[in-house]
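Examination of the molecular architecture
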Amino acid sequence: MNNKYKLIYEGKAKKVFSHEDADKVIIEFKDDATAFNALKKAKFKGKGKLNCLISAKLFELLINNNIPTHFLELENENTIIARKIKVIPLEIVLRNIAYGSLCKQTTLKPRTVLEKPLIDLYLKNDELNDPLITKDRIELMNILRSKDLDFIVDLTLKINEILKSFFKSIKLQLVDFKLEFGYDLKKNILLGDEISPDNCRLWDLNQNNDTIVSLDKDVFRNDSGGLIEAYSEINRRINDFI
Ligand code: TMP
Ligand code: ASP
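Analysis parameters
- Residues numbered from 1 in each chain as written.
- Chains lettered and ligands numbered in written order.
- Predicted model: local features only at pLDDT ≥ 70, side-chain atom pairs only at ≥ 80, totals over all residues.
- Heavy atoms only, no water.
- Helix = DSSP H or I, 4+ residues; strand = E, 2+ residues; numbered from the N terminus.
- Buried < 20%, exposed > 50% of the residue type's maximum accessible area, 1.4 Å probe, protein only.
- Contact = heavy atoms within 4.5 Å.
- Polar contact = N/O pair within 3.5 Å; in protein donor to acceptor, adjacent residues only side chain to side chain.
- Phe/Tyr/Trp six-rings, centres within 6.5 Å; stacked < 30°, edge-to-face > 60°.
- Lys NZ or Arg CZ within 6 Å of the ring centre and 35° of its normal.
- Salt bridge = Lys/Arg side-chain N within 4 Å of Asp/Glu carboxyl O.
- Near = heavy atom within 4 Å.
- Areas by Shrake-Rupley, 256 points an atom, 1.4 Å probe, with all protein chains shown as cover.
- Nonpolar A, V, L, I, M, F, W, Y, C, P; charged D, E, K, R; others polar.

Attention now moves to the environment of V16. Among the secondary structure elements, V16 is positioned in strand β2 (residues 14–18). Given a relative accessible area of 18%, V16 falls into the buried group. Each C-alpha atom, one on V16 and one on E194, is 12 Å from the other, the two residues being 178 residues apart in sequence. Aside from chain neighbours lying at most four places away, what touches V16 is K6, L7, I8, Y9, V25, I26 and I27.

Once that is clear, we can look at the side chain of R95. In this structure, R95 sits in strand β9 (residues 90–97). In terms of polar contacts, R95 uses its side chain to reach the side chain of D120, at 2.8 Å. Setting aside residues up to four positions removed in sequence, R95 forms contacts with S101, L102, L114, P117, L118, D120, Y122, V175, D176 and R201.

Before going further, it helps to examine the packing of aromatic side chains. The description of two aromatic rings rests on the distance between their centres and on the angle between their planes. The full count for this structure, using the stated rule, is five aromatic pairs. Centre to centre, the rings of F166 and F167 are 5.6 Å apart; their planes meet at 55°, and the pair counts as tilted. Summarising the burial analysis for this pair, F166 and F167 share the class buried. Each residue in the set F166, F167 and F241 is aromatic and connected to the rest through ring pairs, giving one cluster. Over the face of the ring belonging to F29 we find K14, whose NZ or CZ atom lies 5.7 Å from the ring centre. A cation over an aromatic ring shows up here: K40 above the ring of F220, its NZ or CZ 5.0 Å from the ring centre.

Further remarks concern the pattern of salt bridges. For the structure on display, the rule yields 28 salt bridges. K43 is the partner of D32 in a salt bridge, and the nearest nitrogen-oxygen pair spans 3.4 Å. Of this pair, D32 sits in strand β4 (residues 32–35) while K43 is found in strand β5 (residues 40–43), placing the two residues eleven residues apart along the sequence. Because the salt bridges share partners, they merge into one network encompassing K14, K124, K178, E180, D193 and E194.

A word on the site of ligand 1. Taken together, 15 residues lie around ligand 1, and R95, S101, D176, N199 and R201 are the ones closest in. R95 places a side-chain nitrogen or oxygen 2.9 Å from an oxygen atom of ligand 1. Within the side chain of D176, one N or O atom sits 2.6 Å away from an oxygen atom of ligand 1. Across the complex, the protein chains shield 77% of the 450 Å² of accessible surface that ligand 1 would expose by itself. Broken down by secondary-structure element, the contributors of at least two residues to the shell around ligand 1 are β9, β11 (172–179) and β14 (200–204). The residue inventory of the shell around ligand 1, partitioned by class, reads five nonpolar, three polar and seven charged.

See below:
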């Protein structure tokens, strides 16, 4: 990254740099992969580029459907320019199908199709291991106003409809995903972070039998396949379609 840009923040999968415009930032996608709150770590050459390209396309799709997001433009293969936001410390998970932690914490059987999407809220706090949190606890901690939380939940449901139907058209099932939101300098709520196989579960619908073929970070979490191969397949299908 060019020296004139100052590193503002480094997370597990991305670095955020200042931009000459005070209301913009430059976000660089790293090749690092982590799982289980970084207990498992690895580097995959080309992962940053794939997530950056995939995320840019999906943000463009959402913007075209009137979803307010931080995405402004792709700068190069592993960097985007985005609106500067103050990230709200919540992870909003939407589930269409029961899988992952939902099945470890409830009696729901894996692959149960949920009658309506389930929204699970988690506190974004590595020290506390991102605990599941309630609306009342969010209010108690003054994280955001109740009407802003309602707005975010509503936006997440709309995003699900857009992404679910898009992924279906490229023969992928959107099982669940995690979103993050933030406030821009004018206090508008924008979708932030990324949308990529790192934070979505995507199952291949091009299967004749009943086995689950994951094309997302579960291949790394469960050591069940090649991460670059899976992410490249997602990128290829998106580019063939858009
Ligand atoms: P879970 O079943 O482990 O709770 O994950 C639900 C979805 O959220 C899945 O698509 C992966 C995504 N996710 C993240 O993006 N970051 C996280 O830290 C976790 C735990 C899940
Ligand atoms: N994002 C989390 C981590 O970095 C966990 C996950 O995605 O499974 O460890």
